[in-house]
Amino acid sequence: MTETDRARTFPAEDGSARPSPHPAPGTGPADLRRIGAHPDYWYPVALSRSVRSKRVVATSFAGERIALYRGESGTVHALEDRCAHRQVPLSMGVVEGDTLRCCYHAWAYRGDGRISQIPYLSRGDGRPPRGVRGYPVREAYGLVFVFPGDPDKAAGTALPELPAFGSPRYKTMTYSRTVRCHYSFMHENLLDMNHQFLHRGVVGKLHPELLEHRTDARSVEARYLFTHAGGKRNRGAGLLAAEGIRGSDSSDVMTIRTAYPYQTLDLVPENAERPAFRLWAAYVPEDAEQRVCHTYGLLMIEKPRVPGALQLAWPFIRRFTERVFAEDRMAVEAEQRAWDEQGEDRNHEVFSLILDVREVLRSNGVPIRPRAAACGTARACDGRTSASGAHPAG
């Protein structure tokens, strides 16, 4: 029996060995870290406040460079970030009204990507291209969402529903951070609360007990009971869980859900009527290999009955959450470095919850194409298709 076989074999009640229901690394389905995020969803690619009037912002989705700009009408547009003329990034361009003009030869583009003007074009010149790809765009929750997949599916695909965001009972803290890892590591990190030892310096000794978990084709949900078992606890942790406000060190029930491609977390203190906070997160791949992702998070914190109390607690909560995120980032980036060094996923996961979420991410994602294949033909790089699929240009 090999070392891997031993790692995947468990004792039965009669003392004999029984195989794990999940295959060993290298013997099962495709490596999850080679599976890309499915483009047929709405993904945040910028904070709304960062796309100011008549300004252009460069962003990306899975190696597709995107230029965002806000026209004089206030509408945000998203275009493929290259001029159809000389391939100079349109994010270097100038906004005029609701059009975007390339900084090099002043070719002008409408919000749908069509060319509206070539200043020096004459009758004898060659036929110009139609333009570049335009992406469907929506603004919600203080974020700019784009639909990088089939544009015909955009109208029928809903944005995530976040009722707490607009509720007067909650105040929202927004996060936007780049993390150098495959997005799947982020899903696993938040869903697997058995890693609290990592945060012992800020939360003390926390005991997470998995109460139940369930999964279907597109989602995995887990419910934990959290109890504080001692040790020094950061003041911001108590304030976030409403303990510093309510004056109790309660047991909390935490519900975490990956509903492809987003993730949510609700924490309900003992005897509370509603969550003390609700987190929504999206992990958006930036590069073509999808080894770097941008994390967008909306932390919706319940307002206490005491006016102004949350405002006073805000800096402590922000520092606490930033420290926790920094520790999580350290761990997931280390996981990614191990994958890069080994060239494959050699994880020996034993937690069925994480094995389930891996399968959800794997079955709902799409294979990552080698970089050369993305521009393997003239058609793939002439502005008539995108890097993620054969979609007509706008």
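For clarity, every value in this text was computed on a predicted model and none was experimentally measured.

Participant: A description of empty space enclosed by the protein should follow, citing residues and the corresponding values.
Facilitator: Overall, the coordinates contain two cavities of 30 Å³ or more when judged by the stated rule. Roughly 50 Å³ of volume is contained in the second largest cavity. Lining the second largest cavity, in full, are Ala 37, Tyr 43, Tyr 183, His 187, Tyr 260, Pro 261, Tyr 283 and Leu 361.

Participant: Give me the nonpolar core: which residues, what numbers.
Facilitator: One finds Leu 68, Trp 280 and Ile 301 to be the most contacted residues of the largest nonpolar core, which totals 82 residues. Residues Val 95, Trp 107, Ile 115 and Val 132 belong to the second largest nonpolar core, which totals 16 residues.

Participant: Can you explain the pattern of salt bridges? Please cite residues and give values.
Facilitator: If charged atoms from side chains of opposite charge come close, those side chains can pair. The tally for this structure, following the rule as stated, stands at 22 salt bridges. A salt bridge links Glu 212 to Arg 223; the nearest nitrogen and oxygen atoms lie 3.2 Å apart. On the criterion of sequence distance, the pair formed by Glu 212 in strand 16 (residues 206-215) and Arg 223 in strand 17 (residues 219-228) is long-range, its members being 11 residues apart. On the basis of relative accessible area, Glu 212 is assigned to the partly exposed category, the value being 41%. Overall, Arg 223 belongs to the partly exposed group, its relative accessible area being 27%. The partner of Arg 278 in a salt bridge is Asp 266, with the nearest N and O atoms 2.8 Å apart. Linking Arg 278 in strand 20 (residues 277-285) with Asp 266 in strand 19 (residues 262-269), this pair joins segments that are 12 residues apart in sequence. Look at Asp 266 and you get buried, because its relative accessible area is 18%.

Participant: An account of the sheet that holds strand 8 (residues 94-96) is requested, with residue identities and associated values reported.
Facilitator: The strand order across the open sheet formed by four strands is 8-9-10-11, and the pairing between neighbours is antiparallel. Edge positions in the sheet fall to strand 8 and strand 11 (115-117), since each of these pairs with one other strand and no more. Judged from the three bridges that link them, strand 8 and strand 9 (residues 99-101) form a sheet pairing that is antiparallel. By the bridge assignment, Val 94 is partnered in strand 9 with Arg 101.

Participant: Explain the state of the cysteines residue by residue, including any values.
Facilitator: What the rule picks out here adds up to zero disulfides. With no disulfide of its own, Cys 102 lies closest to Cys 83 among cysteine sulfurs, the gap being 3.9 Å. With a relative accessible area of 5%, Cys 102 lands in the buried category. Cys 103 forms no disulfide, and the closest cysteine sulfur to it belongs to Cys 102, at a distance of 4.9 Å. Given the relative accessible area of 39%, Cys 103 is considered partly exposed.

Participant: I'd like a rundown of the pairing of strand 17, residues and numbers included.
Facilitator: Summarising the sheet, strand 16 and strand 17 pair through nine bridges and their orientation is antiparallel. Note on strand 17: the bridge partner recorded for His 207 is Thr 227. Count of turn residues in the strand 16/strand 17 antiparallel hairpin: three residues. In terms of strand pairing, strand 17 meets strand 18 (residues 252-259) through eight bridges, oriented antiparallel. Its bridge partner being in strand 18, Ala 222 is matched across the sheet by Ile 256.

Participant: Explain the side chain of Asp 345 to me, using residue names and the numbers behind them.
Facilitator: Assignment of secondary structure puts Asp 345 in the loop between helix 6 (309-342) and helix 7 (352-364). Within the structure, the side chain of Asp 345 is placed 3.0 Å from the side chain of Arg 33, a separation counted as a polar contact. Looking at Asp 345, its side chain comes within polar contact range of the main-chain nitrogen of Asn 347, at 3.0 Å.

Participant: Quick one: what's the story with the sheet that holds strand 19, residue by residue and with numbers?
Facilitator: Read from one edge of the open sheet, seven strands run 15-21-20-19-18-17-16, paired in antiparallel fashion. The sheet is open, and its two borders are formed by strand 15 (170-179) and strand 16, each paired with just one other strand. Within this sheet the neighbouring strands show an average axis-to-axis angle of 15 degrees, counted without direction. Sheet topology places strand 19 next to strand 20; six bridges connect them, and they run antiparallel.

Participant: So what about the side chain of Thr 59? Which residues, and what values?
Facilitator: Checked against the element boundaries, Thr 59 lands in strand 5 (residues 56-61). Separated by 2.9 Å, the side chain of Thr 59 and the backbone oxygen of Val 45 make a polar contact.

Participant: Could you give an account of the packing of helix 2 (residues 183-191) against helix 7, with specific residues and numbers?
Facilitator: Two elements in contact, helix 2 and helix 7, have axes whose closest approach is 10 Å; the angle formed by their N-to-C orientations is 150 degrees. It follows that helix 2 is roughly antiparallel to helix 7 by the angle criterion. As helix 2 runs across helix 7, the sense of the crossing is right-handed. For the pair formed by helix 2 and helix 7, the contact residues are Ser 184, His 187, Glu 188 and Leu 191 on the first element and Leu 353, Ile 354, Val 357, Arg 358 and Leu 361 on the second. Looking at side-chain class alone, the contact of helix 2 with helix 7 contains five nonpolar, two polar and two charged residues.

Reading the values: the criteria
Residues numbered from 1 in each chain as written. Predicted model: local features only at pLDDT ≥ 70, side-chain atom pairs only at ≥ 80, totals over all residues. Heavy atoms only, no water. 1 Å grid on protein atoms, 1.4 Å probe; cavity = no way out; pocket = protein on both sides within 12 Å on 5 of 7 lines; lining within 4 Å. Points joined across faces, edges and corners; volume = space filled by probe spheres on them. Core = buried A, V, L, I, M, F, W, Y, C linked by side-chain atoms within 4.5 Å. Buried < 20%, exposed > 50% of the residue type's maximum accessible area, 1.4 Å probe, protein only. Salt bridge = Lys/Arg side-chain N within 4 Å of Asp/Glu carboxyl O. Helix = DSSP H or I, 4+ residues; strand = E, 2+ residues; numbered from the N terminus. Pairing = 2+ DSSP bridges. Disulfide = S-S within 2.5 Å. Polar contact = N/O pair within 3.5 Å; in protein donor to acceptor, adjacent residues only side chain to side chain. Axes fitted to C-alpha atoms, helices over the stretch in contact; angles between N-to-C directions. Parallel < 35°, antiparallel > 145°, perpendicular 65-115°, else oblique. Left-handed = near helix turned anticlockwise from the far one by under 90°. Contact = heavy atoms within 4.5 Å. Nonpolar A, V, L, I, M, F, W, Y, C, P; charged D, E, K, R; others polar.

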